[in-house]
Amino acid sequence: MSIFTLQSVEKDFGIKEILKDASFSLDITDKVGLIGTNGSGKSTLLKMIAGIEPIDGGQLLVNSGVRVVYLPQQPDMDEENTVLEQVFAASNEQMALVREYEELSHKLAHNPEDSQLMARFSAVTQGMETTGAWELETNAKIILTKLGIEDFEARIGDLSGGYRKRIALAAALLSEPDVLLMDEPTNHLDAMSVEWLQSYLNGYRGAILLITHDRYFLDRVTNRIIEIDRGDLYTYSGNYSYYLEKKALAEESAASSQRKHQGVLRRELEWLKRGPKARSTKQKARIDRIGEMQDKEFKQAQGKVDISTPGRRIGKKVIELTNISKAYNERTLIKDFTYKFSASDRIGIIGGNGAGKTTLVDIITGRIEPDSGSVEIGTTIHIGYFDQHSDELLEALNDSQRVIDYLKEVGELVKTADGTVITASQMLERFLFPGNQQYAPINKLSGGEKRRLFLLRVLMSAPNVLILDEPTNDLDVQTLAVLEEYLEEFNGCVIAVSHDRYFLDRTVGTIFALEPGGNLRQYPGNYSVYLDYKEAEETEAAQQSAIQEKAELPTSEKSAKQSSNQGKSRRISNRELKEFEQLEKKIAQLEAEKAEAEKALYNAAPGKVTQVQELYTQLETLAQAIETATERWMELAEMES
């Protein structure tokens, strides 16, 4: 069933035509990935569907009663709200009850004897029970935790843009609309959070239309790809891998058709040069057909970013870190780390949000000083730093500064790696900035175009050490693919901070993993190899734990275990079979009781110390009973098999 339909929609910003006669429908089961080069109009299309951006022509038809939630790249929030208040800021009845419950809980914590507060608290609690809002609050805290947010009482105004984006994402998921419109939902998420979001959206019951640069994410979440290419929409029924395959075939077919057309036209023009007399009807028709063939236009294959920039010699000494440490307040981010970077290094830096990844590269580049240790940089080293906050740097410039003037600050003439000397304007064209955009002010560019412009400026400075801090944020998948190819041939050291699994798999040969306590561990290989190492480490740790646990068992319990193991070889008796069946029911009952106790503990009113203690005791008793019953069930299950 179709949820909404775009019919012959048009959008034009003057210097660029975003959409021309664009049409498509979204069905209830669709999970659509929207792709295209930066500035092609992806975000604009989402805003038009969300009703934020006006449509210049055509119409958008939305079924009545359909709920659409739009997640922008930079969501607006009330800075005075707490995390939970912001998540429940929507006006729906359940969310309003949960929000009031949280407010009353805080007030009662300071005024436990206030009878009016207690009466209202009781009424709200009953309302939450009736409407099922308890589950909503639990789900909210689960989603926030999975997205890396654990302080639910933090004030929005004290949080970074990345944390705000994750809170907005949690609110969007919790609202469970009919249609989720998401603009770069994986930005600012670490790899574990992206994996969780990927799994969550796979089970989402509504329709999804999203923009993302994460190609693994596109592959595993979407069942349809829509590409925006110079005002036109092209639909591919499949995931990103399917799109790449069909796109290549379509471009090959179009190129073949154009070659055939040119061949026929050439032969027809040769015939025309011989001066045939247009006396017959057939000859007149043939001459007219030649005119039509000359007028026919073929849409050229979409331009691709051409990264061919100057190089610079790199010496033996690159960057040497010796016993560097860095802490903020009581939290240690980097502890006693030593490493000598080489000219051929391809390093990927990973870690959770706030683990210290950007801090490490800021120490390397000299933006901040380590608390202890030293940083030495070779005399031939020129660092190019592609900062994740490059769009903020561009916005800080004079709004009226033209794109080409910003690039000319680096150089007006550039000698590329192949020895060709080209102008700044030609270099901009290679980076998909046509002439009319080159003389436009920077503030007319989209966020992704600003990132691409900043990348070009960094590369034009001819670095021999390239530091990329979240390079995949806001860059389109086409530019990323070319950047990955460029890095393969780059004559110098590459250090990349990224959560993009695909990018890390393509570009790095060593992983630096920032772990709790400031430990920075090194793993050989790309990100997928790192995951294999971690899985092997976890398996070995579990085995060692089991061995240790067995070694610490009292002699009587060891004998019981041995006796139990010996009994596994015999057939299960009828009495034991009956016990086995009863245990299944008993464990299920105990689990249900435990869930109820956890809910009661979670919802216990502030100040009820005795009640909380009783619930903790009950939970411990139930947990022990479940463990004992489960162990016996496993023994009987092995005997039955």
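Residues numbered from 1 in each chain as written. Predicted model: local features only at pLDDT ≥ 70, side-chain atom pairs only at ≥ 80, totals over all residues. Heavy atoms only, no water.

A. Region of interest: the overall build of the protein. Each helix and strand counted, the protein has 22 helices and 20 strands in total. The 641 residues of the protein split such that 45% are buried. For the protein, the accessible area works out to roughly 32,800 Å², and carbon and sulfur atoms hold 48% of it. (Helix = DSSP H or I, 4+ residues; strand = E, 2+ residues; numbered from the N terminus. Buried < 20%, exposed > 50% of the residue type's maximum accessible area, 1.4 Å probe, protein only. Areas by Shrake-Rupley, 256 points an atom, 1.4 Å probe, with all protein chains shown as cover.)

B. Just a negative patch on the surface, in detail. On the surface, Glu10, Asp12, Glu17 and Asp21 cluster together into a negatively charged patch. Only strand S1 (2-12) and strand S2 (17-27) provide two or more residues apiece to the negative patch. Relative to the helices and strands, Glu17 is located in strand S2. The class of Glu17 is partly exposed, set by a relative accessible area of 39%. (Patch = residues over 30% accessible without salt bridge, like charges linked within 9 Å, V, L, I, M, F, W, Y side chains within 5 Å. Salt bridge = Lys/Arg side-chain N within 4 Å of Asp/Glu carboxyl O. Lys, Arg positive; Asp, Glu negative; His and termini not counted. Charge placed at Lys NZ, Arg CZ, Asp CG, Glu CD.)

C. Spatial organisation of the pattern of salt bridges. One pass over the structure, following the stated rule, counts 21 salt bridges. For Arg501, the salt bridge identified is with Asp214, shortest N-O distance 3.3 Å. With Arg501 in helix H18 (residues 501-507) and Asp214 in the loop between strand S7 (207-211) and helix H8 (215-221), the pair connects residues that are 287 residues apart, well separated along the chain. The two residues Arg501 and Asp214 agree in class, both being buried. Ionic pairing is found between Arg402 and Asp405, a salt bridge with its closest N-O pair at 2.9 Å. With a relative accessible area of 28%, Asp405 lands in the partly exposed category.

D. Structural detail: unusual backbone geometry. In this structure, Asp21 is a non-glycine residue whose phi angle is positive, near 55 degrees. For Asp21, the location among the structural elements is in strand S2. Asp21 sits in the exposed class, given a relative accessible area of 51%. With phi around 50 degrees, Asn323 is a residue other than glycine that occupies positive phi space. Relative to the helices and strands, Asn323 resides in strand S10 (residues 319-328).

E. Expanded view of the sheet that holds strand S18 (residues 493-497). Read from one edge of the open sheet, six strands run S14-S17-S18-S12-S19-S20, paired in mixed fashion. Two strands close off the open sheet at either side, each with one partner strand: strand S14 (383-386) and strand S20 (519-524). Going from strand to strand, the sheet's axes swing by 15 degrees on average, the running direction of each strand aside. Relative to strand S17 (residues 465-469), S14 runs parallel, the two being bridged by four bridges. Opposite Gly384, over in S17, you have Leu466 as the bridge partner. Sitting on the sheet, helix H17 (residues 477-489) touches strand S12 (346-350), S17 and S18, and the angle it makes with S17 is about 150 degrees. Relative to S20, helix H19 (residues 527-551) is tilted by about 110 degrees, and along the sheet it contacts S12, strand S19 (510-515) and S20. (Pairing = 2+ DSSP bridges. Axes fitted to C-alpha atoms, helices over the stretch in contact; angles between N-to-C directions. Contact = heavy atoms within 4.5 Å.)

F. Geometry of the sheet that holds S2. Pairing is antiparallel across the open sheet formed by three strands, whose spatial order is S2-S1-S4. In this open sheet, the two edge strands, each paired with only one partner strand, are S2 and strand S4 (57-62). When strand polarity is set aside, the average angle formed by the axes of neighbouring strands in this sheet is 10 degrees. Where S1 and S4 come together, five bridges link them in antiparallel fashion. Each residue of the ladder has a partner; that of Gln7, found in S4, is Gln59.

G. A look at the pairing of S17. For S17, the buried fraction is high: five of the five residues fall into the buried class. Of the two faces of S17, both are covered, the one formed by Val465, Ile467 and Asp469 as well as the one formed by Leu466 and Leu468. Sheet analysis places S17 next to S18, joined by five bridges and oriented parallel. Across the sheet, Asp469 pairs through a bridge with Val497, a residue of S18. Between the parallel elements S17 and S18, the chain passes through H17 in a crossover that is right-handed. (Right-handed = clockwise from strand over helix to strand, strands pointing away.)

H. Layout of the environment of Val221. Tracing the sequence through the fold places Val221 in helix H8. Val221 gets classed as buried once you look at its relative accessible area, which sits at 5%. Separated by 21 residues in the primary sequence, Val221 and Tyr200 have C-alpha atoms spaced 9.4 Å apart. The residues touching Val221, leaving out its near neighbours within four places in the chain, are Lys31, Gln198, Leu201, Asn202 and Leu210.

I. Seen up close, the nonpolar core. Phe88, Leu144, Ile167, Leu180 and Leu201 are the most contacted members of the largest nonpolar core, which totals 55 residues. Top element by residues in this core is helix H6 (residues 161-175). It accounts for seven residues. The contacts of Leu201, once residues within four sequence positions are left out, are Lys31, Leu173, Leu180, Met182, Ile208, Phe217 and Val221. Membership of the second largest hydrophobic core comes to 34 residues, among which are Ile422, Met427, Leu428 and Leu445. (Core = buried A, V, L, I, M, F, W, Y, C linked by side-chain atoms within 4.5 Å.)

J. Looking closely at the packing of aromatic side chains. For the structure on display, the rule yields 15 aromatic pairs. Arranged with centres 5.2 Å apart and planes meeting at 65 degrees, the rings of Tyr216 and Tyr502 form a pair that is edge-to-face. A residue pair is termed long-range when its members are at least 10 positions apart, and Tyr216 in helix H8 and Tyr502 in helix H18 qualify at 286 residues. Here the aromatic rings of Tyr527 and Tyr530 are separated by 5.6 Å at their centres, their planes lie at 35 degrees, and the arrangement is tilted. Taken together, the positions of Tyr527 and Tyr530, both in helix H19 and three residues apart, correspond to about one turn of that helix. There is no split in this pair, since Tyr527 and Tyr530 are both buried. An aromatic cluster is defined as three or more aromatic residues linked by ring pairs; in this entry it consists of Phe337, Tyr339, Phe341 and Phe512. Positioned above the aromatic ring of Tyr163, the side-chain terminus of Arg166 is 4.0 Å from the ring centre. Above the face of the Tyr406 ring, Arg457 is positioned so that its terminal group lies 4.4 Å from the ring centre. (Phe/Tyr/Trp six-rings, centres within 6.5 Å; stacked < 30°, edge-to-face > 60°. Lys NZ or Arg CZ within 6 Å of the ring centre and 35° of its normal.)

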